[in-house]
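Descriptive structure summary
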Amino acid sequence: MGTDDHAFRLGQVLVVCAPSGTGKSTLIEMLRKEFSNFSFSVSYTTRAPRGEEQDGREYNFVSRDAFIIMRSKGAFCEWAEVHGNFYGTATKPVVEMLDQGRDVLFDIDVQGAKQLKKTFYKGTYVFLLPPSQDELVRRLEGRDTDSERSIKRRLGNAAGEMSQAKWFDYWVVNDNLAEAYQELRAVYLASRCKPSLRPGILGSVLDTWTDNG
Ligand code: ADP
Ligand code: 5GP
């Protein structure tokens, strides 16, 4: 019996988008803790490192010139200018991780997700919604990492980002954190069962069949 074929699974793309402050980082961290099969797509950015961030871990930090050269060479499957800085995903490492059966988790903005869908159209695209505007304000203020100006800008962008929610595959409202996490993990687990990710499984079961079985 082809047990190897049976077990083999291609990696899948999981993209999670949300207006800033909704709880995207919190929920992504919970997924990465529970499931070891995730690789994180490390983006290229022209912004400077913040706090403890390390080159190659949170981001690949590059100059504007280096970013523009990579972009002109077609290295990115998506890129966007967010808050005055360039951000982009290099295609090659993502394809390599998927071929090795790793699931690749993306933390990118809505414009980038829309572009990514053109290349990785079989991926799973999840949009997280805050329960209300008041609660989003409370979370942004409670997080205590952003200036008042930055909070205003993030809130100002939220409605525009939510207007893009309609083309995503799944919506999860992050009201109660534990419930939102159960929904997100259910989406992930269900998406792992897509036939396109298990090309050998049907054949390996049929190989065990005989006419009089
Ligand atoms: P994002 O990555 O979407 O910008 P964060 O994960 O940083 O958001 O969450 C913003 C703030 O809201 C954090 O202080 C986080 O602890 C808090 N938070 C996240 N989810 C919930 C929830 N379901 N209920 C209340 N607070 C939450
Ligand atoms: P930050 O600078 O706070 O780390 O990220 C700012 C925004 O850029 C976030 O919304 C984040 O999801 C988005 N972002 C990070 N990496 C990428 C990327 O490679 N492509 C795109 N389009 N957005 C990204």
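Note that the coordinates shown come from a computational prediction; the quantities given were computed from them, not determined experimentally.

1. Quick look at the site of ligand 2
Ser 43, Arg 47, Tyr 59, Glu 78 and Tyr 87 are the nearest of the 15 residues found near ligand 2. Between ligand 2 and Arg 50 there is a distance of 3.1 Å, counted from an oxygen atom to a side-chain nitrogen or oxygen. Contacts to ligand 2 include Gly 88, whose backbone N or O atom sits 3.4 Å from an oxygen atom. Counting only elements with at least two residues in the shell around ligand 2, the list comes to β5 (76-82) and β6 (85-90). Split into classes, the residues belonging to the shell around ligand 2 amount to five nonpolar, four polar and six charged. Viewed by domain, the shell around ligand 2 spans two of them, domain 1 (1-37 + 103-213) and domain 2 (40-101), each represented by three or more residues.

2. Some remarks on the packing of aromatic side chains
Scanning the entire structure with this criterion turns up 11 aromatic pairs. Pairing Phe 38 with Tyr 188 gives two aromatic rings, centres 4.6 Å apart and planes at 35°, and the pair type is tilted. Pair noted here: Phe 38 is in strand β2 (residues 38-40) and Tyr 188 is in helix α8 (residues 177-191), with a separation of 150 residues, a long-range link. Considered together, Phe 38 and Tyr 188 belong to a single accessibility category, that of buried residues. Centre to centre, the rings of Phe 127 and Phe 168 are 5.1 Å apart; their planes meet at 65°, and the pair counts as edge-to-face. In this pair, Phe 127 is assigned in strand β8 (residues 124-129) and Phe 168 in the loop between α7 (148-162) and β9 (170-173), connecting sequence segments 41 residues apart. There is no split in this pair, since Phe 127 and Phe 168 are both buried.

3. Digging into the site of ligand 1
Around ligand 1, the surrounding shell holds 13 residues, and the nearest of these are Gly 21, Lys 24, Ser 25, Thr 26 and Arg 143. One of the side-chain nitrogen or oxygen atoms of Asn 174 is found 2.8 Å away from a nitrogen atom of ligand 1. Here Asp 175 contributes a backbone N or O atom positioned 2.9 Å from a nitrogen atom of ligand 1. Protein chains bury 74% of the 560 Å² of accessible surface belonging to ligand 1 in isolation. Of all the secondary-structure elements, those providing two or more residues to the shell around ligand 1 are α2 (24-34) and α6 (133-143). Examining the composition of the shell around ligand 1, we find that three residues originate from one element, α2, more than from any other. Classifying every residue of the shell around ligand 1 by side-chain character gives two nonpolar, seven polar and four charged.

4. Description of the sheet that holds β5
Taken in spatial order, the four strands line up as β4-β3-β6-β5 in an open sheet, and their pairing is mixed. Each end of this open sheet is capped by a strand with a single partner; those strands are β4 (59-61) and β5. For this sheet, the mean angle separating the axes of adjacent strands, direction not counted, is 25°. The pairing of strand β3 (residues 43-45) with β6 spans two bridges and is classified as antiparallel. Looking across to β6, one finds that Tyr 44 is bridged to Gly 88.

5. Digging into the domain arrangement of the protein chain
Along its sequence, the protein chain is organised into domain 1 (1-37 + 103-213) and domain 2 (40-101). Between the C-alpha centres of domain 1 and domain 2 the distance comes to 19 Å. The interface of domain 1 with domain 2 comprises 24 residues on the first partner and 17 residues on the second. Among the residues domain 1 hides against domain 2, the three largest losses belong to Val 104, Gln 115 and Phe 120. Together they make up 27% of the total. Taken together, the connections running from domain 1 to domain 2 amount to zero salt bridges. At the junction of domain 1 with domain 2, the criterion picks out four residue pairs in polar contact (both at pLDDT 80 or more). Of the residues belonging to the side of domain 1 that touches domain 2, the class tally is nine nonpolar, eight polar and seven charged.

6. Things to note about the environment of Gly 23
Position of Gly 23 among the secondary structure elements: in the loop between β1 (13-17) and α2. Considering only alpha carbons, one finds Gly 23 and Phe 8, 15 residues apart in sequence, at a separation of 33 Å. In this structure Gly 23 touches Leu 128 and Asn 174, once residues within four positions along its chain are discounted.

Rules used in this analysis
Residues numbered from 1 in each chain as written. Chains lettered and ligands numbered in written order. Predicted model: local features only at pLDDT ≥ 70, side-chain atom pairs only at ≥ 80, totals over all residues. Heavy atoms only, no water. Near = heavy atom within 4 Å. Polar contact = N/O pair within 3.5 Å; in protein donor to acceptor, adjacent residues only side chain to side chain. Helix = DSSP H or I, 4+ residues; strand = E, 2+ residues; numbered from the N terminus. Nonpolar A, V, L, I, M, F, W, Y, C, P; charged D, E, K, R; others polar. Domains from an automatic or database assignment. Phe/Tyr/Trp six-rings, centres within 6.5 Å; stacked < 30°, edge-to-face > 60°. Buried < 20%, exposed > 50% of the residue type's maximum accessible area, 1.4 Å probe, protein only. Areas by Shrake-Rupley, 256 points an atom, 1.4 Å probe, with all protein chains shown as cover. Pairing = 2+ DSSP bridges. Axes fitted to C-alpha atoms, helices over the stretch in contact; angles between N-to-C directions. Contact = heavy atoms within 4.5 Å. Buried area = accessible area lost by both parts, 1.4 Å probe. Salt bridge = Lys/Arg side-chain N within 4 Å of Asp/Glu carboxyl O.

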